[in-house]
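The primary structure of each chain is shown beneath.
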Amino acid sequence: MNHSTEIILTIAGIVLVHGLIFYFLTRKSRLIKGKHVVVTGGSSGIGLWAAIECVRLGAHVTIIARNVSLLEKAKEELEKRRVRDTQLIQFRSVDLAKSYETVKNALEELERSVAPIHMLINCAGMAICGTLEDTSIEDARKLMDVNYFGTYYPTRYVLPKMKEAGDGIIVITASQAALMGIYGYGAYAASKFALRGLAETIAMEARHRGVSVTLALPADTDTPGFENENRTKPEETKIISGSGGLAKPEHVGRRLVQDALKGSFFSIMGLESWVLSILCVGMAPWRGPLLCFVQFYLLGPLRLIGLALQWNFQRIIKNCAKQRQRT
């Protein structure tokens, strides 16, 4: 490589880096002060911290979950963080997976008592781990009911109203398991892959009507749900998923809200999530020329990293199988 070529590549690299910095620093964020935000799964974990961030930004916030005692405690925590005396903080106990009519009636009552829902943050979900043959049919159906239909029903209710208003924000919380199948996550990953399909479809159907969609892809996060999940994880799953560390729910919840207000389709945290989002970008919606430029140039090299990761996963699985045979 001659000297002039090196200079050109160096200048191009500097321009790209500064362009990316400028792009991410100047992206406009939508305001939710005085608007109604509904957070499902808002009694704990990521949902609670997303609700806290919305309260900090001045929104009227309603949290939805099933456990009343947890909702009461979460409401007290949200009230401590009010920035305006006029902010409305409330909760509703609803089984989101029961039926569309149940969800529709609850959300209609909410809109009558507060205001139209401007932002819906879907955080309700659960995980049950196990190989496909070790996961019961009942558990597989429960995962789809809670993770998919527990998001589909409230989204189905708010979407036409947001389209009619020409404004609205929908957040769908999936997982890194929405990007790739992982040992021991078969039924869970299927429910999360379904959420990615739902998010991409809504983004295509509703963008021209002023509705933005954000698909959150958190890695393992230190929540009560994660503690329950670990009880059913095969050893292989613990080793594979543990390589990415454990995120804090307050960081994930805050980032999720900030990305949604900026109109980002993917909401990710950490290098591992960023690499996976590039590798699995597929037909994800357009989010600016600079990001597409990065995806174009990194997809090839990252594919090699992805193959190395897959090889390592297979090595872990074989080693665990040998260990079980010895015992």
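Keep in mind it's a predicted model, so treat the numbers as computed, not measured. (Residues numbered from 1 in each chain as written. Predicted model: local features only at pLDDT ≥ 70, side-chain atom pairs only at ≥ 80, totals over all residues. Heavy atoms only, no water.)

A. Region of the structure containing the overall build of the chain. Scanning the chain for helices and strands turns up 11 helices and 7 strands. With respect to the principal axes defined by its C-alpha atoms, the chain has extents near 70 × 60 × 35 Å. The long-range fraction of contacts in the chain, counting pairs at least 24 apart against all pairs at least 6 apart in sequence, stands at 75%. Split by element, the accessible area of the chain, about 16,900 Å² in all, is 58% carbon and sulfur. (Helix = DSSP H or I, 4+ residues; strand = E, 2+ residues; numbered from the N terminus. Contact = heavy atoms within 4.5 Å. Areas by Shrake-Rupley, 256 points an atom, 1.4 Å probe, with all protein chains shown as cover.)

B. Structural context of the nonpolar core. Counting residues in hydrophobic clusters, the biggest one holds 55 residues, and the most contacted among them are Leu 107, Val 158, Ile 172, Leu 215, Leu 217 and Phe 266. Elements represented by at least two residues in this core include exactly α4 (100–113), β4 (117–122), α5 (137–165), β5 (168–173), α6 (186–206), β6 (211–216) and α11 (289–326). Here the element with the most residues in this core is α6; it accounts for 9 residues. Contact partners of Leu 217, with chain neighbours within four places excluded, come to Ala 174, Ser 175, Gln 176, Ala 178, Leu 179, Phe 266, Ser 267, Ile 268 and Ser 273. Within the second largest apolar cluster, 29 residues are counted, among which are Val 39, Ile 63, Met 119 and Leu 256. (Core = buried A, V, L, I, M, F, W, Y, C linked by side-chain atoms within 4.5 Å. Buried < 20%, exposed > 50% of the residue type's maximum accessible area, 1.4 Å probe, protein only.)

C. Seen up close, the UniProt feature "coiled-coil region" (unreviewed entry) in the chain. This chain's UniProt record puts "coiled-coil region" (unreviewed entry) on residues 61–113. Between the C-alpha atoms that bound residues 61–113 there is a distance of 12 Å. The span itself is 51% helix and 19% strand. (UniProt positions renumbered as here; feature names shortened; annotations may be inferred.)

D. Expanded view of the UniProt feature "transmembrane region" (unreviewed entry) in the chain. Following the UniProt record, the feature "transmembrane region" (unreviewed entry) maps to residues 6–25, 264–284 and 290–309 here. Helix makes up 100% of residues 290–309 and strand 0%, whereas the separation of the span's terminal C-alpha atoms amounts to 27 Å.

E. Structural view of the state of the cysteines. Scanning the entire structure with this criterion turns up 0 disulfides. Cysteine Cys 123 shares no disulfide, and the gap to the nearest cysteine sulfur, in Cys 54, comes to 9.3 Å. Judged by relative accessible area, which is 17%, Cys 123 ranks as buried. (Disulfide = S-S within 2.5 Å.)

F. Inspection of the sheet that holds strand β1 (residues 36–40) at higher detail. Strand order in this open sheet of 7 strands is β3-β2-β1-β4-β5-β6-β7, and the pairing throughout is parallel. Unpaired on one side and paired on the other, β3 (89–93) and β7 (266–267) mark the two borders of the sheet. Sitting on the sheet, helix α3 (residues 68–80) is in contact with β2 (60–65) and β3, with an inclination near 170° to β3. Running at roughly 160° to β6, α6 makes contact with β5, β6 and β7 of the sheet. (Pairing = 2+ DSSP bridges. Axes fitted to C-alpha atoms, helices over the stretch in contact; angles between N-to-C directions.)

G. Focus on the pairing of β1. Among the 5 residues in β1, 5 count as buried, and that is most of the element. Along β1, one buried face is formed by His 36, Val 38 and Thr 40 and the opposite face, lined by Val 37 and Val 39, is buried too. Pairing analysis gives 5 bridges linking β1 to β2, with the strands arranged parallel. For Val 37, the partnering residue across the bridge sits in β2 and is Val 61. Tracing the backbone out of β1, into helix α2 (residues 45–56) and back to the parallel element β2 gives a crossover that is right-handed. (Right-handed = clockwise from strand over helix to strand, strands pointing away.)

H. Quick peek at helix α8 (residues 235–242). All of the buried residues in α8 are Glu 236, Thr 237, Ile 240 and Ser 241. Across the axial projection of α8, the buried residues extend over an arc of 110°, all falling on one side. Where α8 is buried, its residues touch α11. (Arc of directions from axis to C-beta.)

I. Geometry of the pattern of salt bridges. If you walk through the whole model with that rule in mind, you get 13 salt bridges. Lys 80 is paired through a salt bridge with Glu 77; the nearest N and O atoms lie 3.9 Å apart. Here the residue Lys 80 and the residue Glu 77 both occupy positions in helix α3, the gap between them amounting to 3 residues, near one helical turn. Via salt bridges that share partners, Arg 30, Lys 35 and Asp 167 belong to a single interconnected network. (Salt bridge = Lys/Arg side-chain N within 4 Å of Asp/Glu carboxyl O.)

J. Structural view of the environment of Ala 174. Considering the arrangement of structural elements, one finds Ala 174 in the loop between β5 and α6. In this structure Ala 174 comes out as buried when scored by relative accessible area, which is 4%. Counting along the chain gives 45 residues from Ala 174 to Ala 219, while the straight-line C-alpha distance between them is 9.7 Å.

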